[in-house]
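Listed below, chain by chain, are the residues.
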Amino acid sequence: MDHQQLGQLEVLCDTLYQSPDADARANAEKALNAFTQAADIAEKCQFVFDNSSNPFALLVSSTALTKIVSEETNTMTIEQRVALRNYVLQFLYSNAKIPPFVLQSFTKLVSRITKLGWMGSIDGHFVFRNVVDELKKFLQGDSDQCVVGIKIVSEIVAAMTVP
């Protein structure tokens, strides 16, 4: 993905969520479905996270990643899941003022990765169980970061109580 494609993605996202024209929204949804089905969707989503401030593009990308990590046919390794979780946590720490609906999508992504990886280990170490240690920096940050950290903890607790 490049900056031109990112611009096109942002326009599609804006159209999907803000256009009063039903046909335009339907066309945007079709195009975005193609985006979320791409083989390199994880890399594309990371590019969006790194280069876009459009809340709808961030929402579509984080939702796409949540879907990928939730699939039973997911082929991501434990190391890739840990890296993705850490990347998303760093993104949230650095972007604590994102809109609430985007924050909810990202906290759902973190909680899903954590829940599905809970029993995963690397060299006998359960790497997803250290999430509290990872979240301490949020709770020691400014008020926005603290709120984000609490929302992440809340989402993880909610996810873990559902079978």
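As shown above, the structure is provided for reference.
For clarity, every value in this text was computed on a predicted model and none was experimentally measured. Sequence positions are assigned chain by chain, starting from 1 and proceeding in written order. Where local features are concerned, this predicted model is filtered to residues with pLDDT of at least 70; where side-chain atom pairs are given and counted, the filter is 80 or more; whole-chain, interface and lining totals use all residues. The side-chain quantities take in all heavy atoms of the structure and omit both hydrogens and water.

## Digging into the overall build of the protein
Okay, step 1: Counting its regular elements, the protein contains 8 helices and 2 strands.
Okay, step 2: Segments assigned H or I by DSSP are reported as helices when at least four residues long, segments assigned E as strands when at least two residues long, and all are numbered from the N terminus. For the protein, the succession of helices and strands along the chain, N to C, is α-α-α-α-α-α-β-β-α-α.
Okay, step 3: Seen along its three principal axes, the alpha-carbon backbone of the protein occupies a region of about 50 × 40 × 30 Å.
Okay, step 4: A total of 163 residues make up the protein; the buried ones form 40% of that total.
Okay, step 5: Restricting to contacts in the protein with at least 6 residues of sequence separation, those with at least 24 account for 62%.
Okay, step 6: For accessible areas, the Shrake-Rupley method is used with a probe of radius 1.4 Å. Any residue's cover is judged against the shown protein chains and nothing else. Put simply, the protein shows about 8,900 Å² of open surface, and 54% of that area lies on carbon and sulfur atoms.
Okay, step 7: As used throughout, the charge tally considers Lys and Arg to be positive and Asp and Glu to be negative, leaving His and the chain termini uncounted. Every charge is mapped onto a representative atom, which is NZ of Lys, CZ of Arg, CG of Asp or CD of Glu. Both charge centroids of the protein, one from 14 positive and one from 18 negative side chains, sit 7 Å from each other. Residue exposure (1.4 Å probe, protein chains only): buried if accessible area is under 20% of the type maximum, exposed if over 50%, otherwise partly exposed. In what follows, a contact means two residues having at least one pair of non-hydrogen atoms within 4.5 Å.

## Here we look at the packing of helix α2 (residues 22-36) against helix α4 (residues 55-70)
Okay, step 1: Lines fitted to the C-alpha atoms define the axes, with helices restricted to the stretch that makes contact. Angles between their N-to-C directions range from 0 to 180 degrees. Taken N-terminus to C-terminus, the directions of α2 and α4 make an angle of 45°; their axes are 10 Å apart at the nearest point. Taken together, the axes of α2 and α4 lie oblique to each other. For the element pair α2 and α4, the recorded crossing hand is right-handed. Every residue of α4 that contacts α2 at Leu32, Phe35 and Thr36 is listed here: Val60, Ser61 and Ala64.
Okay, step 2: By the convention adopted, Pro, Cys, Tyr, Trp, Phe, Met, Ile, Leu, Val and Ala count as nonpolar, Lys, Arg, Asp and Glu as charged, and the other residues, Gly among them, as polar. Its residues assigned to classes, the contact of α2 with α4 comprises 4 nonpolar, 2 polar and no charged. Angles below 35 degrees are treated as roughly parallel, those above 145 as roughly antiparallel, those between 65 and 115 as roughly perpendicular, and all remaining angles as oblique. By definition, any crossing whose near helix is turned counterclockwise from its far helix by less than a right angle is left-handed, and any crossing with a clockwise turn is right-handed.

## Describing α4
Okay, step 1: To estimate the expected span of a helix, count its residues, drop one, and scale the result by 1.5 Å. Its 16 residues place the ends of α4 22 Å apart at the C-alpha level, agreeing with the 22 Å of an ideal helix rising 1.5 Å per residue.
Okay, step 2: For α4, the buried fraction is high: 12 of the 16 residues fall into the buried class.
Okay, step 3: All of the buried residues along α4 are Phe56, Ala57, Leu58, Leu59, Val60, Ser61, Ser62, Ala64, Leu65, Thr66, Ile68 and Val69.
Okay, step 4: Turning to α4, the residues buried within the fold contact α1 (3-18), α2, α3 (41-51), α5 (78-94) and α6 (100-117).
Okay, step 5: What qualifies as a polar contact is a pair of N or O atoms within 3.5 Å, subject to a donor-acceptor requirement within protein and to the restriction that residues adjacent in sequence count only when both atoms come from side chains. Two or three places before phenylalanine 56, at the opening of α4, asparagine 54 has a side-chain oxygen 2.8 Å from that residue's backbone nitrogen.

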